[in-house]
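# What the coordinates show
Chain by chain, the residues run as shown.
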Amino acid sequence: METAPRPGRNVPPKKDKLQAKRKKPRRYWEEETAPTSAGASPGPPLKKKRNGEVRLQKPKNTRSSKKSRISKKPQVPKKPRERKKPEPQRSLSGAQDPFPGPAPVPVEVARKFCRIDKSIKLPRSKSKTRSKLEVAEAEEEETSVKAARSELLLAEEPGFLEGEDGEDTAKIRQADIVEAVDIASAAKHFDLNLRQFGPYRLNYSRTGRHLALGGRRGHVAALDWVTKKLMCEINVMEAVQDIRFLHSEVLLAVAQNRWLHIYDNQGIELHCVRRCDRVTRLEFLPYHFLLATASETGFLTYLDVSVGKIVAALNARAGRLSVMAQNPYNAVIHLGHSNGTVSLWSPAVKEPLAKILCHRGGVRAIAVDSTGTYMATSGLDHQLKIFDLRGTFQPLSARTLPQGAGHLAFSQRGLLAAGMGDVINIWAGQGKASSPSLEQAYLTHRLSGHVHGLQFCPFEDVLGVGHSGGITSMLVPGAAEPNFDALESNPYRSQKQRQEWEVKALLEKVPAELICLDPRALAEVDVISLEQEKKERIERLGYDPEAKVPFQPKPKQKGRSSTASLVKRKRKVMDKEHRDQVRQSIQQQKQKQEKAKPKGSRPSALDRFVR
């Protein structure tokens, strides 16, 4: 009978397979050493006591929980880290950049985009308010620098018409310009012969892609004038006084003989606003979603098209209103009257913001440039004047015209067009934001009928003219901005992009109450009102609460610095100061009364009741 051999000195004991594969975890006090001999278990060294007991030796690097965590060594202040200088960038070839960092921006270019006037000193205010203003200034300066850098990326440059030595550009005809330009630009010059329903008023959309026209005999049409694709064409069977696109080319406002009507781009009537009756002129404020109407009854009405409510109805008290224009800079409406004055209106004020005496006779036409700096007016005295709107309202230049201008229009780059009978004259200045020179005409063109409407097309060197014979599209080099902001008005946007833009524009709608002459004043501090309120508060309380630094209690130990106790201590000190101020004011009043008494008067028993 076979028996299993007993483990002896020469026979090694058998190990379990799983136990052999599994490694024992190494403790944090153990150090990595060479593997020990078989049978010896890794771990801390054993220490024998005198009585023969075996125990684990305590590792030297462990800390006792009873010891304090505060180090007894003297703390040496750390030296501030020295910032390493950025190494110059190297290209892929290993060459060093000779001009490291961003390219410098010219100060004049950055100043063109800056909107903060640093010459005005900040008023005395709290440190928190001042820090916020400084942060806003820094952000504005950084934004202006970025805008100046991005100007290099603008692909197009504004053109201009220059004649040869001694050649007058006013003698250059439209046919000569069409022959000289490319095919795409030549296609933008056209004539629509519509004598049956004229005279016509016209309006371009904000993107400059669509054109709306309305004839006096009821003809209303909207088209994509670049591709000549007709969107809608109807006859309202009523006289049309004026026509305007609303915030997009989808909605159309038509001032008919009796009421104001709203149509879509398919010619379907959506609304009939009967509260706006006998309308003669229309203007749309895009950032406020307000449709301003001038009527024969002398009322200026503001209609909020986003909610369909009338914001204000102002009586101008000047008779029939047939001359109206808007200032694109501050959304103020300019009205021309028969007594030769021009009044400036805002829906937040029932009276005109300003009145300017412009002509000896009635005002025939008004136009304001895109920067809101200059206003051009023409009157029955055959005078064409340009006024400065920067607070002075003084005429800068004037010119006498043989017939007098019945219609005026400014382009995006400051060109001024005037319609005089069947002749169009255009004057140019030194550039954008400069007054046009009225000495010599830039272009001249004769039409087949009398002018009834003028407007420059946005972002296109095109002037649209509505006359008794139809519509004429003229080429005017250098009239429009060559580059457009795709987030603001994109001529090539899709339907989805237009819908997203409408939602964003509605969220950013400016309230009608903020329309004023100087929109920059909305972001400034009214120092006069603040001083007046402070003075009234001092008179009401009897002392100046801001004269002394407010009391700040010191923190105490053992739970005596809770929020409630701090508030109680503050209140106690404030009450004490208030009582002292009241006592002082009472004493001053008594002294004044004693001085006011006559010296020779005898004391009376009733003096005890006098306070």
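Every value quoted in this text rests on a predicted model; they were computed, and no experiment measured them. (Residues numbered from 1 in each chain as written. Predicted model: local features only at pLDDT ≥ 70, side-chain atom pairs only at ≥ 80, totals over all residues. Heavy atoms only, no water.)

### What to know about the overall build of the chain
The number of helices and strands found in the chain is eight helices and 30 strands. The buried share of the chain, reckoned over its 611 residues, is 34%. Summarising the internal contacts of the chain: among those between residues at least 6 apart in sequence, 45% fall at separations of at least 24. Counting every atom, the chain has about 42,900 Å² of accessible surface; 52% of that belongs to carbon and sulfur. (Helix = DSSP H or I, 4+ residues; strand = E, 2+ residues; numbered from the N terminus. Buried < 20%, exposed > 50% of the residue type's maximum accessible area, 1.4 Å probe, protein only. Contact = heavy atoms within 4.5 Å. Areas by Shrake-Rupley, 256 points an atom, 1.4 Å probe, with all protein chains shown as cover.)

### Focus on empty space enclosed by the protein
Scanning the model with the defined rule gives two cavities of 30 Å³ or more in all. Of the pockets and cavities examined, the largest cavity occupies roughly 60 Å³. Taken together, Ser 205, Arg 206, Thr 207, Leu 246, His 247, Ser 248, Glu 249, Glu 488, Ser 489, Arg 493 and Trp 501 form the lining of the largest cavity. Residues of the lining of the largest cavity, tallied by class, amount to two nonpolar, five polar and four charged. Size it by volume and the second largest cavity reaches roughly 30 Å³. (1 Å grid on protein atoms, 1.4 Å probe; cavity = no way out; pocket = protein on both sides within 12 Å on 5 of 7 lines; lining within 4 Å. Points joined across faces, edges and corners; volume = space filled by probe spheres on them. Nonpolar A, V, L, I, M, F, W, Y, C, P; charged D, E, K, R; others polar.)

### Examining the nonpolar core
Judged by nonpolar contacts, the single largest core of 33 residues is most densely connected at Ile 424, Ile 426, Leu 463 and Val 476. Residue assignment for this core shows that the elements contributing at least two residues are strand E4 (200–204), strand E5 (210–215), strand E6 (219–224), strand E26 (423–427), strand E28 (451–456), strand E29 (462–467) and strand E30 (470–475). Residues within four places of Leu 463 in sequence aside, it is in contact with Ala 417, Ile 424, Ile 426, Leu 454, Gln 455, Phe 456, Thr 472, Ser 473, Met 474 and Val 476. Grouped together as the second largest cluster of nonpolar side chains are 31 residues, Leu 300, Ala 331, Leu 335 and Leu 389 included. (Core = buried A, V, L, I, M, F, W, Y, C linked by side-chain atoms within 4.5 Å.)

### Looking at the packing of aromatic side chains
The full count for this structure, using the stated rule, is five aromatic pairs. Summarising the aromatic geometry, the rings of Phe 190 and Trp 225 are spaced 6.5 Å apart at their centres and angled 35° between planes, so their arrangement reads as tilted. With a gap of 35 residues between them, Phe 190 in strand E3 (residues 190–193) and Trp 225 in the loop between E6 and strand E7 (229–235) connect regions that are remote in the sequence. Classification of Phe 190 as buried rests on a relative accessible area of 13%. For Trp 225, a relative accessible area of 1% corresponds to the buried category. Above the ring of Tyr 287, the side-chain terminus of Arg 206 is found at 5.2 Å from the ring centroid. Positioned over the ring face of Trp 501 is Arg 493, at 4.9 Å from the centre of the ring. (Phe/Tyr/Trp six-rings, centres within 6.5 Å; stacked < 30°, edge-to-face > 60°. Lys NZ or Arg CZ within 6 Å of the ring centre and 35° of its normal.)

### A look at the sheet that holds strand E23 (residues 395–400)
Spatial ordering of the open sheet is given by E20-E21-E22-E23, a layout of four strands whose pairing is antiparallel. Only two strands of the sheet have a single partner each, and these edge strands are strand E20 (363–368) and E23. On average, each strand axis in the sheet is inclined to that of its neighbour by 15°, with strand direction left out of account. (Pairing = 2+ DSSP bridges. Axes fitted to C-alpha atoms, helices over the stretch in contact; angles between N-to-C directions.)

### Regarding the pairing of E30
Among the six residues in E30, six count as buried, and that is most of the element. Sheet topology places E29 next to E30; six bridges connect them, and they run antiparallel. Bridge pairing links Val 465 to Thr 472 in E30. Hairpin geometry of E29 and E30 is characterised by an intervening segment of two residues between the two adjacent antiparallel strands.

### Description of the UniProt feature "repeat: WD" (unreviewed entry) in the chain
The UniProt record marks residues 356–390 with the feature "repeat: WD" (unreviewed entry), using the residue numbering of this structure. Between the C-alpha atoms that bound residues 356–390 there is a distance of 13 Å. The span itself is 0% helix and 57% strand. (UniProt positions renumbered as here; feature names shortened; annotations may be inferred.)

### Here's the deal with unusual backbone geometry
Note that the residue after Gly 198, namely Pro 199, is joined by a cis bond; omega there is -5°. Structurally, Pro 199 is set in the loop between E3 and E4. Its identity as a non-glycine residue notwithstanding, Met 237 has a phi of 60°, on the positive side. Mapped onto the fold, Met 237 is located in the loop between E7 and strand E8 (240–245). Phi at Phe 393 takes a positive value of approximately 55°, unusual for a residue other than glycine. If you trace the backbone, Phe 393 turns up in the loop between strand E22 (383–388) and E23.

### Some remarks on the pattern of salt bridges
Applying the stated criterion across every chain yields a total of 18 salt bridges. Residue Arg 244 pairs with Glu 283 through a salt bridge whose shortest N-O separation is 3.4 Å. Residue Arg 244 is found in strand E8, and its partner Glu 283 is found in strand E12 (residues 279–285); the two are separated by 39 residues along the sequence. As far as the burial class goes, Arg 244 and Glu 283 line up, both buried. Between Arg 446 and Asp 422 there is a salt bridge, and its shortest N-O distance comes to 3.4 Å. One end of the pair, Arg 446, is in strand E27 (residues 443–446); the other, Asp 422, is in the loop between strand E25 (416–420) and E26, and 24 residues separate them in sequence. (Salt bridge = Lys/Arg side-chain N within 4 Å of Asp/Glu carboxyl O.)

### Regarding helix H6 (residues 495–507)
With 13 residues, H6 should reach 18 Å at 1.5 Å per residue; the first-to-last C-alpha distance of 19 Å fits that figure. Buried residues of H6: Arg 498, Trp 501, Glu 502 and Ala 505, and no others. The buried side chains of H6 occupy one side of the element, clustering within an arc of 105° when seen end-on. Those residues of H6 that are exposed and aimed more than 90 degrees away from the buried face are Lys 496, Val 503 and Leu 507. (Expected span 1.5 Å × (residues − 1). Arc of directions from axis to C-beta.)

### Let's talk about the side chain of Arg 209
Counting through the fold element by element, Arg 209 comes out in the loop between E4 and E5. Of the residues examined, Arg 209 reaches a relative accessible area of 18% and is grouped as buried. At 3.1 Å, the side chain of Arg 209 forms a polar contact with the side chain of Asp 224. In contact with Arg 209, other than residues within four places in its own chain, are Leu 223, Asp 224, Trp 225, Val 226, Thr 227, Pro 491 and Tyr 492. (Polar contact = N/O pair within 3.5 Å; in protein donor to acceptor, adjacent residues only side chain to side chain.)

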